[in-house]
Amino acid sequence: MRLVFLTLIVTAITTLVSCSETKDVATESQVSQVPRILTVGEVSSDYSDLADAIEHSRTLLNTKQSVKIELAAGTYYLNQTIVLDAQFSGTAEQPFVIAAKENAQVIISGAKTIELNWQPYTEQIFQAKISDLEFTQLYINGALQPMARYPNFNPDVAIFNGYAEDAIAPERIATWSNPVGGFVHALHESRWGDMHYQITGLNSDKSLQLEGGYQNNRRSPMHLTYRFVENIFEELDAPGEWFLDKANNTLYFYPPKGVDIHQAKVEVPQLDNLIELRGTQSQPVKHVQISGIQFSHTQPTFMQTKEPLLRSDWAIYRGGAILLDGTEDIQVNDSKFSQLGGNAIFVSNYNRFAKIFNNHIHDIGASAVSFVGNPSAVRSPSFEYHEFVSETDLDFQVGPKSDQYPSQSLVDNNLIHDIGLIEKQVAGVQLSMTSEITVSHNSIYRVPRAGINVSEGTWGGHIIEYNDVFDTVLETGDHGAFNSWGRDRFWHPDRAKMDDINQRNPGMYLLDAIKPTILRNNRFQCDHGWDIDLDDGSSNYEIYNNVMLSGGLKLREGFKRIATNNIILNNSFHPHVWFENSEDVFTHNILLSGHKPILNDYWGQQIDHNLFVNQADLEAAQALGLDKHSKYGEPQFVAPEQGNYQLAEGSLGLKLGFENFPMDQFGVQNDALKALAETPKSPDLFLAAEDSQVGKTYELLGATLKSVETLGEQSALGIAEIAGAMVLKVDPNSKMAVAGIQTSDVILEVVDSQFGGSDKVLGVNELLASYQSRKWRGVLEIVISRNQQLQSVSINLID
């Protein structure tokens, strides 16, 4: 039987509202909207807008007809989120499709357009009355404008586009008549992400009452320097800034040069999510395809980002321009996501076989693509870094507790850049409580934190391949282009207890990381951390055929990381605090620098057959009992200035067993996106011997000390900055030992409880100076960091 597709033209009906103060208007693109329904069978109906067309399609699907909603060119402003439940399911042969007409530019927007009667307020600032409407973003002629803020928006400043230590200083607060409703944005004290607060009032001492700070799962005070404030009327002092006085329904705006405010198009986002596919495991939404559409203008959701993700540093908001929750076989492709206040695509709870490909995601407030399962599927979950379930209460059964998590899905050929414009604990692709997600051929760059992040080991099986990830960790610190944590059931915030638990329960890491996660054929670059950062217990990884351009490879704690056949440029291998029986392997890699171990007493299963550039680096490794069969020499890269790091015939690396792999398949391969995608700059290679020195050690009160000098040491020790005196060894009969000082403690401060004041310990020299000036008092009072918690310790100096 021949199938006949009938086309129904649906013309948008728009009403112009006459109002001297505010009126909702139809743009030219709205008037020309022509949504169509293509369907098998005979259909006859008229539709006033996209929502009506979608609702009518429900009846067609109920009659088992194949439905395609085809959108003509135009902008479709939604009054409410489109929600598709299981009734909208198609079949593999006849999916339910929402797509742009061929070659049509279609925008689905969560904004409302408003026309305003602007009047002068000052020489530079205009005001206009609005109807009862609230918003936290303002677009003028398609461009996002900054809220009134201090310090002013500066595109040349990376962190927050401007920050100031005195952003909420008492002197500044005193200049604000009514700061309630304003926002304070800050980085985490250790730059491990960010936090956001809304001002709810003033305390009796005129300091701010704040709600928030929950956006980061590693709770801390806000950073003393990296902070700014916005939505304060008195800070309206720069072109582009605006302020909404909700109490008086008045909008104030300082137009940039060249903007005719009386003719300007004004759009204000109203919706958090644009399209939600909501089903259940028993009744999932199936076989829906969304294609060829631009999604824009969702509200910022940073004050809703409050759900903690197990013991990672993340909190989340389960939403986005497109939300998948309870779905199977959903496809989002060839679409654009931009000018969003929050997440782009969020895949939540039970989902199987989702495909997200050929999309361009940029200029958004939070994360690009997130797959996040439900904590109810996790056995013995803990939700903050210092939390843990006691061993007697642990569930020792392998794997997930239920199917309430995404699995067997694909993120492929997406161009992702300039994300995290508001929130900083974000990623191009985020995986948490998931399994078997393939992340391939994506180009990800200009991000404030990781390009790809895996929040914990549950439940592994991911394939991360052929991605091009660079210009990462631009606003935060101690992180990687690829970052992961492994704070699963085997992990404990106290290293001594974790060692004990794992010695008595070998293989415990496989309770959650049940399948290996594979990182292969990627190009990673991070100048502010590590190219690949497997942090805090990340386990069961296979890492091969990767090019690391600047930050090297870090493996902290964890088990069974097999890293082989990788190229590490201008850096090296960073083993941090390994377990005694870690099963780790590091072989057949090309290194341009020597190993950089920190607090490492054990060396895994095998570290050997690697090629070093410098003899001294090889000898240093062999002095540790490593790299017995490794060599040193020129790698002989084929064309490093062009990004080709294959080894030429005759290279010593090839003789050691290294195998060349393709250098032209990183990132997006889709022709249209590839033409837009940027690529990283090939670094100047450090092929000469390093002029480096081992940090000098000192003895004090029976302890061997060393200054904290590197980012790696800072990360391994879990401290806020590169400062302090690290304890390398303690004589058990010494004054330090009697006071309870332990190996790996970091002395950060010398305090004086009797006379007040303190000395910050930048390094051992400062500690020795403070000791000399205070020893006559008979006690040395210090502040140390142990297991990432501060403690006060008094050391008795009297015999």
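One structure accompanies this document, and this report is about it. (Residues numbered from 1 in each chain as written. Predicted model: local features only at pLDDT ≥ 70, side-chain atom pairs only at ≥ 80, totals over all residues. Heavy atoms only, no water.)

Here we take up the overall build of the protein. For the protein, the count of helices and strands is ten helices and 64 strands. Dimensions of the protein along its principal axes, counting C-alpha atoms only, are 90 × 70 × 55 Å. Within the protein, buried positions represent 59% of all 799 residues. Of the contacts formed within the protein by residues at least 6 apart in sequence, a portion of 68% connects residues at least 24 apart. Carbon and sulfur atoms make up 47% of the accessible area of the protein, which amounts to about 31800 Å² in all. With 59 positive and 99 negative side-chain charges, the protein shows a separation of 2 Å between the mean positions of the two kinds. (Helix = DSSP H or I, 4+ residues; strand = E, 2+ residues; numbered from the N terminus. Buried < 20%, exposed > 50% of the residue type's maximum accessible area, 1.4 Å probe, protein only. Contact = heavy atoms within 4.5 Å. Areas by Shrake-Rupley, 256 points an atom, 1.4 Å probe, with all protein chains shown as cover. Lys, Arg positive; Asp, Glu negative; His and termini not counted. Charge placed at Lys NZ, Arg CZ, Asp CG, Glu CD.)

Quick look at empty space enclosed by the protein now. Throughout the structure, instances matching the rule amount to six cavities of 30 Å³ or more. Here the largest cavity is characterised by a volume of approximately 120 Å³. Surrounding the largest cavity, 17 residues form its lining, Thr305, Ala315, Asn343, Glu423 and Gln425 being those nearest its centre. Considered class by class, the residues forming the lining of the largest cavity number seven nonpolar, eight polar and two charged. Taken as a whole, the second largest cavity encloses approximately 100 Å³ of empty space. Lining the second largest cavity are 15 residues, and of these Trp192, Arg218, Asp478, Arg487 and Asp535 sit closest to its centre. (1 Å grid on protein atoms, 1.4 Å probe; cavity = no way out; pocket = protein on both sides within 12 Å on 5 of 7 lines; lining within 4 Å. Points joined across faces, edges and corners; volume = space filled by probe spheres on them. Nonpolar A, V, L, I, M, F, W, Y, C, P; charged D, E, K, R; others polar.)

With 13 residues, helix H2 (residues 50-62) extends 19 Å between its outermost C-alpha atoms, agreeing within 8% with the 18 Å of an ideal straight helix rising 1.5 Å per residue. Phi turns positive one or two residues past the end of H2, at lysine 64, with a value near 65 degrees. (Expected span 1.5 Å × (residues − 1).)

Attention now goes to the nonpolar core. In terms of nonpolar packing, the biggest core is built from 83 residues, with Leu84, Ile108, Phe295, Phe337, Phe482 and Leu553 touching the most fellow members. Other than its neighbours up to four places away in sequence, isoleucine 108 contacts Leu50, Leu71, Tyr76, Leu78, Leu274, Ile275, Ile293, Gln294, Phe295 and Ser296. Counting residues in each nonpolar core, the second largest holds 24 residues, with Met147, Tyr214, Ala264 and Val268 among its members. (Core = buried A, V, L, I, M, F, W, Y, C linked by side-chain atoms within 4.5 Å.)

The next thing to look at is helix H4 (residues 495-504). Taken together, the buried positions of H4 are occupied by Arg495, Met498, Ile501 and Asn502. The buried residues of H4 occupy an angular sector of 125 degrees when projected down its axis, which confines them to one face. Summarising the geometry of H4, the exposed residues directed more than 90 degrees from the buried face are Ala496 and Gln503. Measuring from the side-chain oxygen of the N-cap residue of H4 to the backbone nitrogen of alanine 496 gives 3.0 Å; that N-cap residue is aspartate 494. (Arc of directions from axis to C-beta. Polar contact = N/O pair within 3.5 Å; in protein donor to acceptor, adjacent residues only side chain to side chain.)

Before going further, it helps to spend a moment on the sheet that holds strand S19 (residues 242-245). Pairing between the strands of a sheet is mediated by backbone hydrogen bonds and can be parallel or antiparallel. Pairing is antiparallel across the open sheet formed by four strands, whose spatial order is S10-S11-S20-S19. What marks the edges here is a single partner per strand, and that holds for strand S10 (119-120) and S19. Pairing between S19 and strand S20 (residues 250-253): four bridges, direction antiparallel. Looking at S20, one finds that tryptophan 242 is bridged to phenylalanine 253. (Pairing = 2+ DSSP bridges.)

Geometric descriptors of this kind do not, in isolation, establish any biological role.
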